[in-house]
Amino acid sequence: MNSISVIIPLYNEKDSLRELHTRLCGELKKTGLSAEIIFVDDGSKDGSDKVLREIQQEDPKVRVIQFRRNFGKSAALCAGFEKATGEMVVTMDADLQDKPAEIHKLIEKLKEDNDLVSGWKKKRKDPISKRWASWLYNRITSLLTGVPLHDMNCGFKAYRREVIEEITVYGEMHRYIPVLASYKGFRIAEVPVEHNNREHGFSKFGMERYIGGFFDLLTVIMLTRYNRKPLHIFGIIGMGMISAGIIIETYLTIGWFLGMWIENRPIFLLGILLLIVGVQFMSFGLVAEMLAWATRREQDFAIKDDSGPVDKAEYMN
């Protein structure tokens, strides 16, 4: 691995760009690798584009991608991945909270037979509200996805080229790149990195990210753990509802024999509702399972190339 691409998505960070570029160039020079720096301007309105053009004119290894409007970090990363030419790819934020001096840690860990290395901001320099939200998010995500990272959403990461070629990010799925990579069979590692206080501008972190992150997590779980066995997730939910409905109705039935009244009791209607919805979840899971099975059959037997049938094991991956 003799070349490296550094991708920096940004939105309204003009005050940080020159200092970031200076620090980054110094660290990349120390690595001795052939390097390029790709700034992806995600529709900034503060004049960041002018600063980037000036930097680009001064430094031939700098490339600039500019969006007409703000499309989000996933779109910015995807654009950067498409343009990157390095054998190794490093992503980092433009707000100077990620220290360019820590890049060597990611590269060294990547060379230890890993495919993706995620930074771990062990001592975060963020407000306590953001630290607690991040802690909770990372614990829930690790529990539900089975990828044991302390800082899943850290933007400071290093990748082998094969990883970015096989993974597509959209929406706000950049938070879950390690999960998607792990599902593809890539080796994931983590290394502690130093974290700075924000020196310029303000954080774009808001409440909408909690809601969006929750739905994206559900999407990732379905795409990775249950995309080939949808009945497992819908069946578990359905069986839970059916079991609860049976318990409620059994309790009311025994009470009726003992002289209790059950007419117009809300719990009676709740039990019926749980039974009906539980059966619907089970039925939906069965339909999804049949669709998944039909798709696998089509992939296994209907697709051929010029040399004959597709290798089943390779294609299924």
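Residues numbered from 1 in each chain as written. Predicted model: local features only at pLDDT ≥ 70, side-chain atom pairs only at ≥ 80, totals over all residues. Heavy atoms only, no water.

**A look at the sheet that holds strand β4 (residues 88-91)**
If you trace the 7 strands from one edge of the open sheet to the other, you get β3-β2-β1-β4-β6-β5-β7, paired in mixed fashion. Because the sheet does not close on itself, it has two edges, and the strands there are β3 (62-66) and β7 (188-193). The average undirected angle you get between the axes of adjacent strands in this sheet is 20°. Bridge count for strand β1 (residues 3-10) against strand β2 (residues 34-41) is 8 bridges, and the pairing is parallel. The residue bridging Val6 from the neighbouring strand is Ile37, located in β2. Contacts between helix α3 (residues 73-83) and the sheet are confined to β1, β2, β3, β4 and β6 (157-160), with β1 contributing the most and set at about 155° to the helix. (Pairing = 2+ DSSP bridges. Helix = DSSP H or I, 4+ residues; strand = E, 2+ residues; numbered from the N terminus. Axes fitted to C-alpha atoms, helices over the stretch in contact; angles between N-to-C directions. Contact = heavy atoms within 4.5 Å.)

**Section: the nonpolar core**
Counting 33 residues, the largest nonpolar core has Ile8 and Phe39 as the members making the most contacts within it. Of all elements in the fold, only β1, α1 (14-31), β2, α2 (48-58), β3, β4, α4 (103-110) and β7 reach the threshold of two or more residues within this core. Those residues in contact with Phe39 that lie beyond four places of it in its chain are Ile8, Leu10, Leu17, Leu20, Leu52, Val62, Arg63, Val64 and Ile65. In this structure, Phe67, Ala76, Ala79 and Val169 belong to the second largest nonpolar core, which totals 21 residues. (Core = buried A, V, L, I, M, F, W, Y, C linked by side-chain atoms within 4.5 Å. Buried < 20%, exposed > 50% of the residue type's maximum accessible area, 1.4 Å probe, protein only.)

**As for the packing of α1 against α2**
Closest axis-to-axis distance for the α1/α2 pair is 8 Å, and the angle between their directions is 20°. Considered as vectors, α1 and α2 are oriented roughly parallel to each other. In terms of crossing hand, the pair formed by α1 and α2 is right-handed. Residues Lys14, Leu17, Arg18 and His21 of α1 lie in contact with α2, whose contacting residues are Ser48, Val51, Leu52, Glu54, Ile55 and Glu58. Partitioning the contact of α1 with α2 into residue classes produces 4 nonpolar, 2 polar and 4 charged. (Parallel < 35°, antiparallel > 145°, perpendicular 65-115°, else oblique. Left-handed = near helix turned anticlockwise from the far one by under 90°. Nonpolar A, V, L, I, M, F, W, Y, C, P; charged D, E, K, R; others polar.)

**Remarks on the pattern of salt bridges**
Scanning the entire structure with this criterion turns up 14 salt bridges. In this structure, the salt-bridge partner of Glu194 is Lys99, at a minimum N-O distance of 3.0 Å. With Glu194 in the loop between β7 and α8 (208-224) and Lys99 in the loop between β4 and α4, the pair connects residues that are 95 residues apart, well separated along the chain. The class of Lys99 is partly exposed, set by a relative accessible area of 22%. Of the charged contacts in the structure, one is a salt bridge between Asp113 and Arg187, with a shortest N-O distance of 3.3 Å. One end of the pair, Asp113, is in the loop between α4 and β5 (116-121); the other, Arg187, is in the loop between α7 (177-183) and β7, with 74 residues separating them in the sequence. Overlapping salt bridges, with partners in common, bring together Asp113, Asp115, Arg160 and Arg187 in one network. (Salt bridge = Lys/Arg side-chain N within 4 Å of Asp/Glu carboxyl O.)

**Focus on the environment of Ile246**
Here Ile246 lies in helix α9 (residues 230-257). Looking at Ile246, the relative accessible area reads 46%, which means it is partly exposed. For the pair formed by Ile246 and Leu274, sequence separation is 28 residues and the distance between their alpha carbons is 8.6 Å.

**As for a nonpolar patch on the surface**
Where nonpolar side chains cluster on the molecular surface, the patch consists of Ile128, Trp132, Trp135, Leu136, Ile140, Leu143 and Leu144 and spans about 750 Å² of accessible area. By the secondary structure assignment, Trp132 is in helix α5 (residues 128-145). Residue classification places Trp132 among the exposed residues on the basis of a relative accessible area of 56%. (Patch = residues over 30% accessible without salt bridge, like charges linked within 9 Å, V, L, I, M, F, W, Y side chains within 5 Å. Areas by Shrake-Rupley, 256 points an atom, 1.4 Å probe, with all protein chains shown as cover.)

**So, the pairing of β1**
Look at any regular strand and the pattern is simple: side chains alternate between the two faces of the sheet. Here β1 lies mainly inside the structure; 8 of its 8 residues are buried. The alternating pattern of β1 places Ser3, Ser5, Ile7 and Pro9 and Ile4, Val6, Ile8 and Leu10 on opposite faces, both of which are buried. Each parallel crossover has a hand, and the one from β1 via α1 to β2 is right-handed. Where β1 and β4 come together, 4 bridges link them in parallel fashion. Counterpart to Ile7 in the pairing with β4 is Thr91. (Right-handed = clockwise from strand over helix to strand, strands pointing away.)

**Topic: the pairing of β4**
Here β4 shows no split at all, with Met88 and Val90 on one side and Val89 and Thr91 on the other all buried. Strand direction decides the pairing type here: β4 and β6, joined by 4 bridges, are antiparallel. The residue bridging Val89 from the neighbouring strand is Tyr159, located in β6.

**Looking at empty space enclosed by the protein**
Throughout the structure, instances matching the rule amount to 1 cavity of 30 Å³ or more. Lining the largest cavity are 13 residues, and of these Lys73, Leu77, Cys154, Gly155 and His174 sit closest to its centre. Elements that contribute at least two residues to the lining of the largest cavity include exactly β1, α3 and β6. (1 Å grid on protein atoms, 1.4 Å probe; cavity = no way out; pocket = protein on both sides within 12 Å on 5 of 7 lines; lining within 4 Å. Points joined across faces, edges and corners; volume = space filled by probe spheres on them.)

**Topic: α4**
Along α4, the positions that sit buried rather than exposed are Ile103, Leu106, Ile107 and Leu110. Axial view of α4: buried residues confined to an arc of 95°, hence all on one face. Contact partners of the buried residues in α4: β1, α1, β4, β5, β6 and β7. (Arc of directions from axis to C-beta.)

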